[in-house]
Amino acid sequence: MDKVANTSKSQGPQARPPQTAHAQPLDQAQADGPTRRLAEFAAGLQYEDLPTDLIAQIRLHVLDGIGVCLQGAQLPWTRYVADMVLAEGGNSAATLWGHGGGAAARTSVSQAVLVNGTAGHAFEMDDIHKESILHPNSLAVPVAFALAQAFPGCNGRDVLTAIVAGYEVGTRAGNAATTALFLNGFHPQGVTGPFVAAATAGRLLGLDGTAMQHALGIAGSLGAGLMAAQEGAMVKRLHGGRAAQAGLQAALLAQRGFTGIENILEAEYGGYLSAFARDYRINRLTEGLGEDWEAGKVGFKMYPNVTSMHAALDAYRYLQVKHELKADDIERIEVGCGRMTYVHVAWPYKPAGVTAAQMNLFYGLSVLALRGRLGADDYIEARIADPAVLDFSSRIHAFEDERIESRGPAFRHAATVKVFTRSGAVLEHDAWARRGSPESPVTPAEVEEKFFLNVAQRIPGDAAHRIVELVGGLESLPDIEALVALL
């Protein structure tokens, strides 16, 4: 196997603590396995390795990540976590975004990552990699920025490179796990997410291939998150923050010589894939590594709810606009989807908190039909039990559509929508790719518009425009101090 990492070269922030050597050598299987290959790739990744179009794409994901973190910073579940962290105290190394300036809004790196990662996953607006079912920017961006703030000397290129390393390692782990991990009841953001954070942190800390392998081996033991949380519990939001913190701590421990499971991904008993997924595709861990960039296959969320229902919303919206549909016109709506989507979002809706509303197809589609739009203000406690929405939801029927399922995992976000009107008309539209996905991309201007909407009530307008400007030239920044100061 060709080695990618150059462990003799200094990488990342100059002020980080020195790398500690590991006493225990790897055996041959662990030295040649996919965990090792991913670790060496992440440790050795250089800015110059990144395609120009990927750099431009990742800048947009950084901007989107900042926006969703700021938008989620003052939501109740994030405030609970922030209050706990600030009450505990910690050395003032990194900033809690969206919590005001000064020392009162600073804490330790790992605690800042816990809060900011929770904020990023706080309102179902973080980006989405379809195959791995991961939202990497709410993990990688808080980790990279907190470390860059804590260790002066880190520049914009370091940050971008580390984020790509995290995206590549984490999404590949999720790809290999397939949707089996989700269908077994585990939340990928919490279970797979630590790999994103560990690779991001490890690259920024300058870990060599062996230390990065141990960082992944620690992170994989710390992942946790159960999908029952989608039915109303605040803890779903915490899965993102806890995964970000776990991955960061794994890298910091590995840097000091702490060891992890060296074959964490491929171990046949008690490994990440064998334990969480059980039915998996191990070749997806390293297939096309360094050439076929998974980081370039991450899409954006254009509705403030779970991605699995977006294609259905897009299809209905198309019919709504084309035929000037009103709610009173509709007798019945049939939504076809793949099994993964059906399990994820097509469960009977009952008001059980904002989380449940954001995860439910019947609620989202009912709101869109009744109000003609669907936005963040539809997901507040005062509106999620609207009797009109509850009544309309009885007109919606969802089913597993074999046409979608037979096309395989690449089409798991697809939806078919058929509207039966009271006048007897039958209107149909299929959405094979949701808006915002790599297959149906949005423009950079649309991502910026989403950012401005997300931060409108959080920071002044001039600060928002300055953030867009700085992120747009992230690779040229000598450090990120001016950018963090605006958060």
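Before any of the text, the structure's been laid out above.
Keep in mind that what you see is a predicted model, and the values were worked out from it rather than measured.

Asker: Just to check I follow, could you spell out the overall build of the protein for this structure?
Answerer: The helix and strand tally for the protein stands at 22 helices and eight strands. Computed over C-alpha atoms, the radius of gyration of the protein comes to 22 Å, within 12% of the 23 Å expected from 2.2 N^0.38 for 487 residues, which places it in the range of a compact globule. Overall, the C-alpha framework of the protein stretches about 75 × 50 × 40 Å when taken along its three principal axes. Considering the protein as a whole, with its 487 residues, one finds that 60% of them fall into the buried category.

Asker: Would you take a moment to explain the nonpolar core for this structure?
Answerer: If you look at soluble globular proteins, the nonpolar side chains tend to sit buried side by side. Formed by 101 residues in total, the largest nonpolar core has its most connected members in Ile 66, Phe 145 and Tyr 272. Sort the elements by how many residues they give to this core and helix H7 (residues 156-177) lands first, with 11 residues. Setting aside residues up to four positions removed in sequence, Phe 145 forms contacts with Val 62, Ile 66, Trp 97, Val 159, Ile 480, Leu 483, Val 484 and Leu 487. Counting residues in hydrophobic clusters, the runner-up holds 47 residues, among them Trp 77, Tyr 316, Val 335 and Val 345.

Asker: Help me out: how do you make sense of the side chain of Asn 305 in this one?
Answerer: Looking at the secondary structure, you find Asn 305 in the loop between strand E4 (298-299) and helix H14 (310-322). Look past the residues within four positions of Asn 305 in its chain and what remains in contact with it is Glu 124, His 310, Leu 313, Gln 358, Leu 374 and Tyr 379.

Asker: Help me understand H7, please; the structure alone is not making it clear to me.
Answerer: Think of an α-helix as turning once every 3.6 residues; residues three or four places apart then point the same way. Taking 1.5 Å per residue, 22 residues should reach 32 Å; H7 reaches 32 Å between its end C-alpha atoms and fits that length. Burial analysis of H7 places 21 of its 22 residues in the buried class, which makes it a mostly covered element. Among the residues of H7, the N-terminal cap falls to Asn 155, whose side-chain oxygen and the backbone nitrogen of Arg 157 are separated by 3.0 Å. Just past H7, the residue Thr 178 takes up positive phi, approximately 60°.

Asker: Looking at this structure, how should I read the pattern of salt bridges?
Answerer: Any two side chains of opposite charge can pair, so long as their charged atoms come close to each other. Counted by the stated rule, this structure contains 26 salt bridges. Between Lys 236 and Glu 124 there is a salt bridge, and its shortest N-O distance comes to 2.6 Å. Within this pair, whereas Lys 236 is found in helix H12 (residues 235-255), its partner Glu 124 is found in the loop between helix H5 (109-120) and strand E3 (128-129), the two being separated by 112 residues in sequence. Of the two residues examined, Lys 236 and Glu 124, each falls in the buried class.

Asker: Is there a simple way to think about the packing of aromatic side chains in this case?
Answerer: What describes a pair of aromatic rings is the distance from one ring centre to the other and the angle between the planes of the rings. Considering all chains together, one arrives at nine aromatic pairs under this definition. Relative to Tyr 272, the ring of Phe 195 has its centre 5.1 Å away and its plane inclined at 85°; by these criteria the two rings are edge-to-face. Remark: Tyr 272 occurs in helix H13 (residues 272-277) and Phe 195 occurs in helix H10 (residues 193-205); sequence separation between them is 77 residues. The burial state of Phe 195 is the same as that of Tyr 272; both residues are buried. Residues Phe 451 and Phe 452 carry aromatic rings whose centres are separated by 5.6 Å and whose planes lie at 65° to one another, so their mutual orientation is edge-to-face.

Asker: Even after reading the chapter, I still don't get the environment of Asp 292, so can you show me in this structure?
Answerer: Along the chain, Asp 292 falls in the loop between H13 and E4. Distance in space between the C-alpha atoms of Asp 292 and Glu 405 is 25 Å, their sequence separation being 113 residues. Separated by 3.0 Å, the side chains of Asp 292 and Lys 297 make a polar contact.

Asker: When you look at the environment of Val 62 in this model, what are you seeing that I'm missing?
Answerer: Relative to the helices and strands, Val 62 is located in helix H3 (residues 52-72). Relative accessible area serves as the criterion here: at 1%, Val 62 is assigned to the buried category. The sequence separation of Val 62 and Ser 308 amounts to 246 residues, and the corresponding C-alpha distance is 23 Å. Those residues in contact with Val 62 that lie beyond four places of it in its chain are Val 141, Phe 145, Ile 163, Val 471 and Leu 474.

Asker: Which parts of the structure should I look at to understand the packing of H10 against H12?
Answerer: Helix-helix packing is characterised by the crossing angle of the two axes and by the distance between the axes. As a packed pair, H10 and H12 sit with axes 7 Å apart at the nearest point and diverge in direction by 40°. Between H10 and H12, the crossing angle belongs to the class labelled oblique. Here H10 and H12 pass one another in a crossing that is right-handed. Touching Gly 193, Pro 194, Ala 197, Ala 198, Ala 201, Gly 202 and Leu 205 of H10 are Ala 243, Ala 244, Ala 246, Gly 247, Leu 248, Ala 251, Leu 252 and Gln 255, all from H12.

Asker: Would you take a moment to explain the sheet that holds strand E7 (residues 415-421) for this structure?
Answerer: Strand order in the open sheet made by the four strands is E6-E5-E7-E8, with mixed pairing throughout. Across the chains shown, the open sheet's two edge strands, defined by having one partner strand only, are strand E6 (396-400) and strand E8 (426-431). Here the strands of the sheet are splayed against their neighbours by 15° on average, with no regard to which way each runs. Along the sheet, H14 makes contact with strand E5 (330-337), E7 and E8, crossing E7 at roughly 40°. The strands touched by helix H17 (residues 361-371) are E5 and E6; relative to E6, the strand with the most contacts, the crossing angle is about 135°.

About the thresholds
Residues numbered from 1 in each chain as written. Predicted model: local features only at pLDDT ≥ 70, side-chain atom pairs only at ≥ 80, totals over all residues. Heavy atoms only, no water. Helix = DSSP H or I, 4+ residues; strand = E, 2+ residues; numbered from the N terminus. Rg over C-alpha atoms; globule rule 2.2 N^0.38 Å. Buried < 20%, exposed > 50% of the residue type's maximum accessible area, 1.4 Å probe, protein only. Core = buried A, V, L, I, M, F, W, Y, C linked by side-chain atoms within 4.5 Å. Contact = heavy atoms within 4.5 Å. Expected span 1.5 Å × (residues − 1). Polar contact = N/O pair within 3.5 Å; in protein donor to acceptor, adjacent residues only side chain to side chain. Salt bridge = Lys/Arg side-chain N within 4 Å of Asp/Glu carboxyl O. Phe/Tyr/Trp six-rings, centres within 6.5 Å; stacked < 30°, edge-to-face > 60°. Axes fitted to C-alpha atoms, helices over the stretch in contact; angles between N-to-C directions. Parallel < 35°, antiparallel > 145°, perpendicular 65-115°, else oblique. Left-handed = near helix turned anticlockwise from the far one by under 90°. Pairing = 2+ DSSP bridges.

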